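Secondary and tertiary structure notes
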Amino acid sequence: MHQLQNHHCNQTRFSLFVQTLIRKLAQVAAIAPCLVFSPYALSAYPDHPVKLIVPFAPAGAVDGIARLFSTEFGKNLGQTVIVENRPGSGGTIGIASVIKSPPDGYTLLLGNIATASAPAMYPKSSINPKLLQPITLIGKSSYVLVVKNDFPAQNIPELIALLKANPGKYNYSSAGAGSAIHLAAELFKNRAGVDMVHVPYKGAGPAMNALMAADVEMMFGSVAELKSQIQAKKFRALGVTTSARSSALPEIPTMTEGGVKDYDVAGWYGVYAPANLPNEALVKLRKAAELTLVSEGIQQLLKRYAMDPVQGGSKEAGDMLDAEVKRWSEVITKANIYAD
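Okay, so let's go over this structure. Not measured: the values here are computed from a predicted model.

With respect to the packing of aromatic side chains
Applying the stated rule across the entire model yields four aromatic pairs. Their ring planes at 70 degrees and their centres at 5.0 Å tell us that Tyr 45 and Tyr 106 sit as a pair that is edge-to-face. Here Tyr 45 is found in the loop between α1 (2-37) and β1 (50-54), whereas its partner Tyr 106 is found in the loop between α3 (92-99) and β3 (107-111), with 61 residues between them in sequence. As far as burial versus exposure is concerned, Tyr 45 and Tyr 106 are alike and both buried. Geometrically, the ring pair formed by Phe 151 and Tyr 170 is edge-to-face, given 5.4 Å between the ring centres and 75 degrees between the ring planes. In this pair, Phe 151 sits in the loop between β4 (132-148) and α5 (156-165) while Tyr 170 sits in the loop between α5 and β5 (171-174), placing the two residues 19 residues apart along the sequence. The exposure classification of Phe 151 matches that of Tyr 170, with both residues buried.

If you want it as structure tokens, here you go:
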């Protein structure tokens, strides 16, 4: 009898074990699809190439900075970083594509002034910089105003006098509506009280070609991409946009020296991602950026593009974007330079 009771107890315990096991397996089966098929699961991030979106055409400063930065950045990230150009509408096409991308760490943005100006310049674009996750700043630089060699004005005071005497007569090219060099020109118009006609192109390269072909009389552009043209005397430089002279063109006076009050525009460049990145991706991206910024490669990049180094952490990248959004929104609203 005792043996029968033990046998019965053993059967009961085994039956309870099997029932418990079945329940546990059912629970695991229920959550397994989420674990295996979650679109943002990053068990081995990064396990395939990362895209760095440049919202402008090839050949401009933004594109060049992205390509040089991506090489060193990719080494430190342990994965290839592919630069992809998505130009159009003052950068909004490329910016919007990053904001709408999955927050998985595989799509990044090379941001600049256009990223900050987009909400005010293109209100229909629904671009919200708050939906971007700051990764790092890279650097900042001056812009320079250049004119055709046969242009009558020899300096900024003469240019202002000429433009005031001939409102709407002279043209300037830019990399597109809302681009950094467009805004630099619009702020100049605002501060100097002059009128000149904007002729947008799809990128700084085409804008420079238009000036070289004498299709326009002047343009604002980055010191890096115009310095060789200035030194070769293909263009004449009248003034730089920063409050201090550029170390790359120390002989060129500032706009302030030329009589333009409250004028200080610096080009800045940073890397951003869609908001709400998984922590693993965010940590790895920021660490790779930190290593890149102290590398010899990035020092050569700064020198090549006449950029000054900046305190480039993610906090600074976020603070820069916030401050620039506020600044350019005010300029755009005051100047009424909205784009379609």
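Let's pick the thread back up.
A word on the layout of surface pockets
Computed from the structure, the largest pocket encloses a volume of approximately 220 Å³. Along the walls of the largest pocket sit 17 residues, with Ser 141, Ser 142, Thr 242, Ser 246 and Asp 308 positioned nearest its centre. Among the elements that make up the lining of the largest pocket, the one with the highest residue count is β4 (three residues). In terms of residue class, the lining of the largest pocket is built from six nonpolar, six polar and five charged.

Details of the environment of Ile 93
Looking at the element boundaries, Ile 93 is found in helix α3. Looking at Ile 93, the relative accessible area reads 44%, which means it is partly exposed. On a C-alpha basis, the gap between Ile 93 and Ser 125 in space is 8.7 Å, while along the polypeptide they are 32 residues apart. Among all residues touching Ile 93, those that are not within four sequence positions of it are Arg 86, Pro 87 and Gly 88.

Description of the side chain of Thr 254
Considering the arrangement of structural elements, one finds Thr 254 in the loop between β8 (235-240) and β9 (266-274). Those residues within four positions of Thr 254 in sequence are excluded, and the remaining contacts are Val 240, Thr 242, Ser 243, Ala 244 and Arg 245.

Let's talk about the pairing of β9
Among the nine residues of β9, eight are classified as buried, and the element is accordingly described as predominantly covered. Direction of pairing for β3 relative to β9: antiparallel, over a ladder of three bridges. Its bridge partner being in β9, Leu 110 is matched across the sheet by Val 271. The sheet contact formed by β4 and β9 spans nine bridges and is antiparallel. Along β9, the bridge assignment pairs Gln 133 with Ala 273.

What to know about helix α11 (residues 314-335)
An ideal rise of 1.5 Å per residue puts 32 Å on 22 residues; α11 measures up with 31 Å between its terminal C-alpha atoms. On its buried face, α11 sits against α4 (113-121), β4, α6 (180-192) and β9.

Quick notes on the nonpolar core
Residues Ile 138, Leu 159, Phe 188, Met 218 and Phe 220 are the most contacted members of the largest nonpolar core, which totals 108 residues. Top contributing element to this core by residue count: β4, with nine residues.

Definitions and cut-offs
- Residues numbered from 1 in each chain as written.
- Predicted model: local features only at pLDDT ≥ 70, side-chain atom pairs only at ≥ 80, totals over all residues.
- Heavy atoms only, no water.
- Phe/Tyr/Trp six-rings, centres within 6.5 Å; stacked < 30°, edge-to-face > 60°.
- Helix = DSSP H or I, 4+ residues; strand = E, 2+ residues; numbered from the N terminus.
- Buried < 20%, exposed > 50% of the residue type's maximum accessible area, 1.4 Å probe, protein only.
- 1 Å grid on protein atoms, 1.4 Å probe; cavity = no way out; pocket = protein on both sides within 12 Å on 5 of 7 lines; lining within 4 Å.
- Points joined across faces, edges and corners; volume = space filled by probe spheres on them.
- Nonpolar A, V, L, I, M, F, W, Y, C, P; charged D, E, K, R; others polar.
- Contact = heavy atoms within 4.5 Å.
- Pairing = 2+ DSSP bridges.
- Expected span 1.5 Å × (residues − 1).
- Core = buried A, V, L, I, M, F, W, Y, C linked by side-chain atoms within 4.5 Å.

In short, the description is geometric, and any link to function would need to be established separately.
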